Structures are given as structure tokens and as C-alpha cells.
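Residue strings, one per chain:
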Amino acid sequence: MDKKFDLDKIEFCKEPPIQEPDRQYYYMKKCRESVKAQEAALGRPLTACVQNFGCQMNARDSEKLRGILSEIGYQIIDTEEADFVIYNTCTVRENANLKVYGHLGTLGHRKRKNPHMLIGLCGCMMQEPQVVEKLKTSYRFVDLIFGTHNLYKFAELLCLAMDSDRTIIDIWKDTDKIVEDLPCQRKYAFKSGVNIMFGCNNFCSYCIVPYVRGRERSRNPEDIVNEIERLAKDGVVEVMLLGQNVNSYGKNLETPITFAELLRRVEQIDGIERIRFMTSHPKDLSDELIEVMKDSKKICPHMHLPLQSGSSRLLKIMNRKYTKEQYLTLVEKLRAAVPDISLTTDIIVGFPGETEEDFQETLDVVRQARYDSAFTFIYSKRTGTPAAAMENQVPEDVVKDRFDRLLELVQQISKEMSSRLEGQTVPVLVEEVNTHDKGYMTGRLANNLLVHFPGDEALLGKIVKVHLAQGKGFYYMGEMVQ
Ligand code: SF4
């Protein structure tokens, strides 16, 4: 666990510091005292469970929640039979919200049997005012609710919830604050996500993210480089640079730098062998970035480049700010600069007003771009977005038919593309013991595809050479080469 403060050195006699994150370490210590008292009363350690929903940025935030809870003295467990359960929610699609309400019902029952239990909710869904109103009326047993902008204040808010019998709610509309350097319990010892920016200014007409994650704000490059240097010292060999739109990194900095320049600086860090990043917006994908990828020894040959639709008419209504032709030109440039690049994407089917012609344009881009894989989504109306108010929502059966046709084409091409390295021997980061066969390990190629090969846990976190014996569609079977 990487952290910078020692709670034992914090004194309670003084007022809590104003400065962040010092102030949060003060409250972590306060919470720790309460946890110790409860443990003495219950005669057992207290446990906590963090359930993560949604994207990699949420997953990184959940590692911080686990780090803070562990610092406070909770034992982190994976099941919801815990003394404290918190959901880090997502709201990118309607069904994400429904899932959380379903889970909450079960938790409510458990709390009735364990009145000392605490329940918390945070993340994007909490930034929707109608959600918080519903929680206040129908889920009064929830102890703590906070949003995306003040996640760093978790310890302070938990302290309030521990001493109160009413629901603590603290939702901020927006913020210009960035507070990192909090305890963090990473899922993997050898790789880590690193937030480089927050928020999004693009306002794609179907997307709720700008309303729940706020305006774009980039971290100072020095802070990012310092964090990655600390991670490298802590045994991390691969970093994933995270942001809703990493390509517009640095625009709001006092001394603006480009994302490409940040990558050049991260490339210099000893101990880091692989650099990944997500998510890129095509409208900000610069020639400079493609040049840096071409010359880099560490940036992985994988680009997730959301298309959403292949129809320039629809892209305009989606407010995506690029055309079909511009997107395909980017694909050409990427393939010319990084020949073995793996391209993946996001595609929405059934956006309001989508015609069969529009859909045919999408299929045409899929045929030309030849993605290794694609996340395909059925359009989901998000209250508060311009698209939600648009007429001519596409009938469900038409959407279903198009979705099936798209999936078929994507999978056919992905099968062809994903086995193009068959017979080669490539470097692989060994990530976990194979879930189906304990005699096998699962590793990730630089282009993000997986390979399963005979091996044992001693290989975890190492980059080893693996011969790709057979392509199996979305993964390979292989043997390690000494
Ligand atoms: S770029 Fe568009 S789709 Fe992506 S988070 Fe921003 S508004 Fe949403």
C-alpha cells in the first residue's frame, strides 16, 4: 500500500488541519479510534467491503476507498457480509442505476439484523439529484452519500456518519480541486491505474458523464511523474494513464503541456516497462501523439478509440466533432505509424433517429477499421442529456436486429484480427493464476490480448517470453520460452 503519512504522528489536541490531504489523515486517525472501540465491544475485527461499478476511473477510486478503510483499521473483504459496505456507483446507462437499487434492497435487510452496520454510496449515480431524492425517501437506512468531486473527503465524512444516526449527504455540483496522495490498496502489486485528469468538456449529446464528473481539470505533470516514480519503487512495471478524455490532457494547466509531452516524461521513468492510457477522443488525437507512440519503447501498441457511430450525420447530432472520413484517416495514420497496433472501440446502436443507412455506415467503418474487439451498446436514454429529449427514438425490435448484425460482424473480424500473432513469441506480463486451471497462468500481451500458458504463481508480475501456439478468438494458448 503506497502512502505518505504516519497516523501515529498525528496529534488530536490540535484542530483538524485545513490543508489536504493532511486533514483526511487526521480524520482517518479519528475513525481508527472509533473502529478500535467497536472492535473491543464486538470482540472481533471490523470488516469492510467496497463494491465497484463502472469504468477504470471508478476502479482506481475504489482502490483509494479500500486504502483509506484499511488505514482506519477495517479488514477489507470481498463479500457484503461486512460491518461497512460502500458502493462506488456508475450511471452511464440506466441499468447501472437499477442494479444498485436491487443490491441496496438486500443490504437493507442485512442492516435490520445488524443495526451497527454502516452503508455508504458514492460515485457518478450520486451526482443525479433525482437519485438522491429517491434515496432520502425510499432508502433511509443508508448512512453516507457523497459524489465524485469530494471522494477524497471520505474519511472526514465517514467520521461524521459514525457519530450520527441520520444520513450524511455531501454532494458537490463541481470542483476545481484535485487531491491525490491518499492511501490506496491496489488490486495488482505490479500494475496500477494513474489518474491524469478528471471531468469532460465534450458534452456528447447522449452522455451523462460531463454532468456527473464536471469540467476537465488536469493534474500537474510533476505530481503524476512523482506518483509513478513511487509506484515504480513499489514494484509497479505497468501503468494505465486514466481520464475521460486523455487526449485533451494539460489544456487547463497554468503551463499547458500536451498529452504526448506527458507520455514522453513518463517514458523516462526507470522501472516502468509498459505504458497504457484510456480513453482517447478521436477529435483530439494529434499527429504528435501518434509520433510519440511510433517512437516509444514502452507505450503499448493498443488504442481504444470510441467510434460510437460510422454515420457523419449521426456523429454531428451526437456532438462528437469528427466525421466518418476523419475517423478513418486517424485509423490509417495509426496503422501506418504502429503496424501491429490493436484497435478497440465503443459503438452505440439505436441512437435517436438512426436510419438503416446510418447503420450501414457504422458497419462500413467496422469493416475498414478491423477492430480487435468492440464494446457494443444499445442506446440508453439518460435523463438530463440532450438526446433524451430527442424525438424518433428507434423501435426496440429494430435496435435489437441491428445490434445482432453488428455483433456478428465485430466478432467475425475480431476472430480474424485476434489470431494474427499466432506462431510468434512475444513478451507477456503475467497477471494471474488461470481461473479455470490452476496449472496455467494468464498473461497480457502488449496489445492487450490475453494468453494462457502452463506456469505457477512465482511468475506473477514478471514480463516473460511466451510462444503463441494457438489463437482462440479473443485469447491465445501458449508456452513459456526460457
Ligand atoms: S467524450 Fe463524450 S462520451 Fe466520453 S465522457 Fe465525454 S461526453 Fe461522455
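Residues numbered from 1 in each chain as written. Predicted model: local features only at pLDDT ≥ 70, side-chain atom pairs only at ≥ 80, totals over all residues. Heavy atoms only, no water.

Draft legend 1. Broad picture of the nonpolar core. The biggest cluster of nonpolar side chains holds 71 residues, and the ones touching the most others in it are Val239, Leu241 and Phe259. When near neighbours in sequence (up to four residues on either side) are disregarded, valine 239 contacts Ser192, Val194, Ile228, Leu231, Val266, Ile272, Arg274, Ile275 and Arg276. (Core = buried A, V, L, I, M, F, W, Y, C linked by side-chain atoms within 4.5 Å. Buried < 20%, exposed > 50% of the residue type's maximum accessible area, 1.4 Å probe, protein only. Contact = heavy atoms within 4.5 Å.)

Draft legend 2. Region of the structure containing the packing of aromatic side chains. Per the counting criterion, the structure on display carries 14 aromatic pairs. Centre to centre, the rings of tyrosine 26 and tyrosine 27 are 5.3 Å apart; their planes meet at 80 degrees, and the pair counts as edge-to-face. Pair check on accessibility: tyrosine 26 and tyrosine 27 agree, each one buried. Ring centres of phenylalanine 203 and tyrosine 211 lie 5.4 Å apart, and the angle between their planes is 80 degrees; on these two criteria the pair is classed as edge-to-face. On the basis of relative accessible area, phenylalanine 203 is assigned to the partly exposed category, the value being 30%. Taken together, the aromatic side chains of Tyr74, Phe84, Phe146 and Phe154 make up a single cluster linked through ring pairs. Lysine 134 extends its terminal NZ or CZ atom over the ring of tyrosine 101, reaching a point 4.4 Å from the ring centre. Just above the ring of tyrosine 188 sits the side chain of lysine 191; from NZ or CZ to the centre is 4.7 Å. (Phe/Tyr/Trp six-rings, centres within 6.5 Å; stacked < 30°, edge-to-face > 60°. Lys NZ or Arg CZ within 6 Å of the ring centre and 35° of its normal.)

Draft legend 3. Inspection of the sheet that holds strand β15 (residues 425-433) at higher detail. The five strands are arranged β15-β16-β17-β19-β18 in a closed barrel whose pairing can be described as mixed. Each strand of the sheet is rotated relative to its neighbour by a mean of 50 degrees, with strand direction disregarded. (Pairing = 2+ DSSP bridges. Helix = DSSP H or I, 4+ residues; strand = E, 2+ residues; numbered from the N terminus. Axes fitted to C-alpha atoms, helices over the stretch in contact; angles between N-to-C directions.)

Draft legend 4. Just the pattern of salt bridges, in detail. Tallied over the full model, the rule gives 39 salt bridges. Residues glutamate 156 and lysine 153 are paired through a salt bridge, measuring 3.2 Å at the closest nitrogen-oxygen approach. The pair glutamate 156 / lysine 153 is uniform in exposure class, with both members buried. The partner of glutamate 238 in a salt bridge is arginine 276, and the shortest N-O contact between them spans 3.0 Å. Taken as a pair, glutamate 238 in strand β10 (residues 238-242) and arginine 276 in strand β11 (residues 274-278) lie far apart in primary sequence, 38 residues in all. (Salt bridge = Lys/Arg side-chain N within 4 Å of Asp/Glu carboxyl O.)

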